Amino acid sequence: MFVDDVVDIGGASQEIEDCNRFLFAGAAVPYAPRADAAEAPQRFEGFHGEWSIETGSFGHYVVFNASERLATIVVDALEAGGLAVQRWDVSHRLASDGQFYDWFARLRFKGSHDEAVSRVSAVLFPVSVDPSVEYPDAPADTRLEDLAARVEELLDLTGELRERLNASEVEVAFLTRRLASVTDSEFKLYGELDTALAHQKSLHDQISELSRSPEQTADTRALLEMQSETEELLELALTENSDLTSSIGALRNQVDHGDAQILTLEAAVVGLKARLEELAEQEAERRRADSVHRAPRRGLLGFLDTAFARLNFVLDGDEVLANVDAPASLLRSLVQIDMGQMVGKDLEGLGGWREVSKLGTGMAGSESMGRIYYKPDGERVLVSVHVKQDDKEQRRHIERLRSLNGGNKRSR
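This one's a predicted model, so the numbers in the text were calculated from it and none came from an experiment.

Asks: Hey, could you run me through the pairing of strand β4 (residues 103–107) in this one?
Replies: Working note: regular strand, side chains alternate between the two faces of the sheet. Among the 5 residues that make up β4, 5 are buried, leaving the element largely enclosed by the rest of the structure. Going residue by residue along β4, you find W103, A105 and L107 tucked away on one face and F104 and R106 tucked away on the opposite face as well. When strand β2 (residues 59–64) meets β4, the two strands line up antiparallel, connected through 4 bridges. Among the inter-strand pairings, F64 is bridged to a residue of β4, identified as W103. Inspection of the sheet shows strand β3 (residues 85–90) paired to β4 by 5 bridges, in the antiparallel sense. Across the sheet, the residue bridging to R87 is R106, located in β4.

Right, here's the structure in full:
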């Protein structure tokens, strides 16, 4: 409303749900300035309210407390200061310092966290501001980001231990087969040894009987030669049996070592799974605490809540969708999933989950890297919208789906 209570119906419009602030009776009306007003625009003198910088997987966010009019001025100042704002809106998420801020503005700036703090500070505290006034420094990286980094490390370690466990199981299976084969050979050699011993005893009895005869016949001499050959064969058999016994002992030691290694790796995997479950419970508790103070969402995220009532976005899937430059193909697939159609293909190694791949994003370098993972779960459908960066990062995301027992819709 302009001066003289005039409304320009040709100007910008607002959604009804966004009009949630009203004037009390008798209060002064804050008239909107006219575009053709003769007054020169006032220079931004600095921002003295509460603010902070948060850095996440989608970039840098400026979160701050201000009225809607002042928030517009702050965003304009950031733009004028060379910090392009990709999107700004009401903030519904608990910040790293434990506060709920009124607004957030996502920057297109791609530098480090410290560089973002320096650039934003230069805009919010221009040189014209009294230098004697001390303003608090922006907080360091959030505890949630540290927790997420720890989860990523545990998932990588779990994958590495699984590979080592599988390799150990394959090696133990091979050694077990070799041990069984060598054991069979041992039994056969023992049988041959028993036969040779029995034959030697028979020959020895015959020779003893003939030796008592007063006459040494040709048969006696032949039996003596056979006894000598039998003793040589027996010596060879005993030597081979000794070597075989040593090999069997070494193989059994290797099998025992492999079994011990498998038990150790299995215990490590179980411990990591328990730690991941603990971190998942902490994250769920944080989300529950976040949802207590959450106001109705606006913009695209509010549209997702209304348009896809059956879909539960997990692992920040709605944030990913909100930050895609061209979400048309992703939205088409989400409509099909919300209607109950089974699109895509089964996700290998993850029962119940399906994957829709090669979806357009409109993002440079990731034009066809959009992915949708979803799992029907009763009356709802768990959905994760993801933009693939590389194979290792995609495997890590799938491991996060593996440890997921449920999810809540979440967004800023």
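Asks: Could you clarify how one ought to interpret the sheet that holds strand β7 (residues 354–359) in this entry?
Replies: Backbone hydrogen bonds are what pair the strands of a sheet, in a parallel or an antiparallel way. Pairing is mixed across the open sheet formed by 5 strands, whose spatial order is β5-β9-β8-β7-β6. Because the sheet does not close on itself, it has two edges, and the strands there are β5 (311–313) and β6 (345–346). Bridge count for β6 against β7 is 2 bridges, and the pairing is antiparallel. By the bridge assignment for β7, K345 is matched with E355. Helix α7 (residues 328–338) rests against β5, β7, β8 (370–377) and β9 (380–387) of the sheet, and its axis sits at about 10° to β8. Here helix α8 (residues 391–402) sits on the sheet and contacts β7, β8 and β9; the angle it forms with β9, its principal contact strand, is near 160°.

Asks: Even after reading the chapter, I still don't get a nonpolar patch on the surface, so can you show me in this structure?
Replies: On the surface, M1, V3, V7, I9, L23, V29 and Y31 cluster together into a nonpolar patch covering about 700 Å² of accessible area. Here L23 is to be found in the segment before β1 (51–56).

Asks: I keep staring at the packing of aromatic side chains and nothing clicks. Help me out?
Replies: With the rule as written, the count across this model stands at 4 aromatic pairs. Between F47 and F64 the ring centres are 5.9 Å apart and the planes differ by 80°, which places this aromatic pair in the edge-to-face class. Of this pair, F47 sits in the segment before β1 while F64 sits in strand β2, and the two are 17 residues apart along the sequence. Accessibility assignment for this pair places F47 and F64 in one class, buried. With a centroid separation of 5.5 Å and an interplanar angle of 50°, the aromatic rings of W88 and W103 are classed as tilted. Highlighted residues: W88 in strand β3 and W103 in strand β4, separated in sequence by 15 residues. What makes W88 partly exposed here is its relative accessible area of 30%. For W103, a relative accessible area of 5% corresponds to the buried category.

What counts and what doesn't
- Residues numbered from 1 in each chain as written.
- Predicted model: local features only at pLDDT ≥ 70, side-chain atom pairs only at ≥ 80, totals over all residues.
- Heavy atoms only, no water.
- Buried < 20%, exposed > 50% of the residue type's maximum accessible area, 1.4 Å probe, protein only.
- Helix = DSSP H or I, 4+ residues; strand = E, 2+ residues; numbered from the N terminus.
- Pairing = 2+ DSSP bridges.
- Contact = heavy atoms within 4.5 Å.
- Axes fitted to C-alpha atoms, helices over the stretch in contact; angles between N-to-C directions.
- Patch = residues over 30% accessible without salt bridge, like charges linked within 9 Å, V, L, I, M, F, W, Y side chains within 5 Å.
- Areas by Shrake-Rupley, 256 points an atom, 1.4 Å probe, with all protein chains shown as cover.
- Salt bridge = Lys/Arg side-chain N within 4 Å of Asp/Glu carboxyl O.
- Phe/Tyr/Trp six-rings, centres within 6.5 Å; stacked < 30°, edge-to-face > 60°.

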